[in-house]
Amino acid sequence: MKILILNGPNINMLGKREPDIYGRATYADLEEAVRERAKKYGADVSFVQSNHEGELVTRIQNAVGVYDRIVLNPAAFTHTSIAILDALTACGIPAVEVHLSNIHKREEFRRRSVTAAGCVGQICGLGIQGYLLAIDYLCS
Ligand code: DQA
């Protein structure tokens with residue numbers, strides 16, 4: 001089982017970025033926790049973070065035939081990116097969308113996810129634990 005953990009803009013700033021909203025765990029902490037959880041299932045995880053929409057689209061396209069599952073936090077592109085939605089739909093790899101914060105409890109513009117329609121489901125508001133639950137689901 002090969003899983004791509006794909007993170008969008010500003011997720012590299014975890015720990016420094018609005019910790020009251022996104023938590024104090026760093027991106028390195030996130031990687032470590034996900035690797036640990038994946039190990040439990042004997043799954044192989046690769047991490048990609050990009051601040052660029054096109055790069056995220058390319059990574060999703062290139063995942064075909066390489067990865068079995070995707071855990072995706074499109075970050076701000078969640079709310080706007082038809083290109084990411086189209087890439088998810090085209091590639092057909094089962095993906096779970098994760099958000100650290102509860103997007104439904106925040107500003108109006110964050111409450112809509114354009115990209116979730118290309119995913120099996122969405123987990124939000126549970127901090128980095130959301131990524132771990134996504135791994136549990138995708139490996140079960
Ligand atoms: C986020 C929520 C988005 O609205 C925001 O733009 C992010 C992070 C989250 O993980 O809570 O960058 O995807």
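What counts, and where the lines are drawn
- Residues numbered from 1 in each chain as written.
- Predicted model: local features only at pLDDT ≥ 70, side-chain atom pairs only at ≥ 80, totals over all residues.
- Heavy atoms only, no water.
- Helix = DSSP H or I, 4+ residues; strand = E, 2+ residues; numbered from the N terminus.
- Polar contact = N/O pair within 3.5 Å; in protein donor to acceptor, adjacent residues only side chain to side chain.
- Phe/Tyr/Trp six-rings, centres within 6.5 Å; stacked < 30°, edge-to-face > 60°.
- Lys NZ or Arg CZ within 6 Å of the ring centre and 35° of its normal.
- Salt bridge = Lys/Arg side-chain N within 4 Å of Asp/Glu carboxyl O.
- Buried < 20%, exposed > 50% of the residue type's maximum accessible area, 1.4 Å probe, protein only.
- Core = buried A, V, L, I, M, F, W, Y, C linked by side-chain atoms within 4.5 Å.
- Contact = heavy atoms within 4.5 Å.
- Near = heavy atom within 4 Å.
- Areas by Shrake-Rupley, 256 points an atom, 1.4 Å probe, with all protein chains shown as cover.
- Nonpolar A, V, L, I, M, F, W, Y, C, P; charged D, E, K, R; others polar.

Peer 1: Sorry, what's going on with the side chain of Asp136 here?
Peer 2: Secondary-structure assignment places Asp136 in helix H5 (residues 129-139). A polar side-chain atom of Asp136 sits 2.8 Å from a polar atom in the side chain of Arg37.

Peer 1: I'm lost on the packing of aromatic side chains in this one. Help?
Peer 2: Aromatic ring pairs are described here by two measures, namely the spacing of the ring centres and the angle between the planes. Tallied over the full model, the rule gives zero aromatic pairs. Here the basic side chain of Lys2 rests over the ring of Tyr67, its NZ or CZ set 5.4 Å away from the ring centre.

Peer 1: Help me out: how do you make sense of the pattern of salt bridges in this one?
Peer 2: Pairs can form between side chains of opposite charge whenever their charged atoms are close. Across all of its chains, the model carries eight salt bridges by this definition. The salt bridge involving Glu107 is made with Arg110; its shortest N-O contact spans 2.7 Å. Using a relative accessible area of 34% as the deciding quantity, one classes Glu107 as partly exposed. Residue classification places Arg110 among the buried positions, given a relative accessible area of 16%. Taken together, the shared-partner salt bridges in this structure form one network comprising Arg106, Glu107 and Arg110.

Peer 1: What is the right way to read unusual backbone geometry from this model?
Peer 2: Glycine aside, residues mostly have negative phi angles, and peptide bonds mostly take the trans form. Phi at Asn10 takes a positive value of approximately 75°, unusual for a residue other than glycine. As for its position among the elements, Asn10 is in the loop between strand E1 (2-7) and helix H1 (19-22). Classification of Asn10 by relative accessible area gives partly exposed; the value is 32%. Phi angles above zero are rare outside glycine, and Glu18 is one such case at about 35°.

Peer 1: So what exactly am I meant to see when it comes to the nonpolar core here?
Peer 2: Generally speaking, nonpolar side chains in soluble globular proteins are found buried as a group. If you look at the biggest cluster of nonpolar residues, it comprises 24 residues, and the most contacted ones within it are Ile3, Ile5, Val34, Val45, Val71, Tyr131 and Ile135. For this core, the secondary-structure elements that each account for two or more residues are E1, helix H2 (27-41), strand E2 (44-49), strand E4 (95-99) and H5. Among all residues touching Val71, those that are not within four sequence positions of it are Ile3, Leu4, Ile5, Leu6, Val96, Val98, Tyr131, Ala134, Ile135 and Leu138. Counting 18 residues, the second-largest nonpolar core is a separate cluster that includes Leu56, Ile60, Tyr67 and Leu88.

Peer 1: Help me understand the site of the ligand in this model?
Peer 2: Every residue near the ligand is listed here: Arg17, Tyr22, Asn73, Ala75, Ala76, His79, His99, Leu100, Ser101, Ile103 and Arg110. Here His79 contributes a side-chain N or O atom positioned 2.7 Å from an oxygen atom of the ligand. At 2.6 Å from an oxygen atom of the ligand is found a side-chain nitrogen or oxygen belonging to Ser101. Here the ligand has 320 Å² of accessible area as a free molecule, and 99% of this is covered by the chains. Classifying every residue of the shell around the ligand by side-chain character gives five nonpolar, four polar and two charged.

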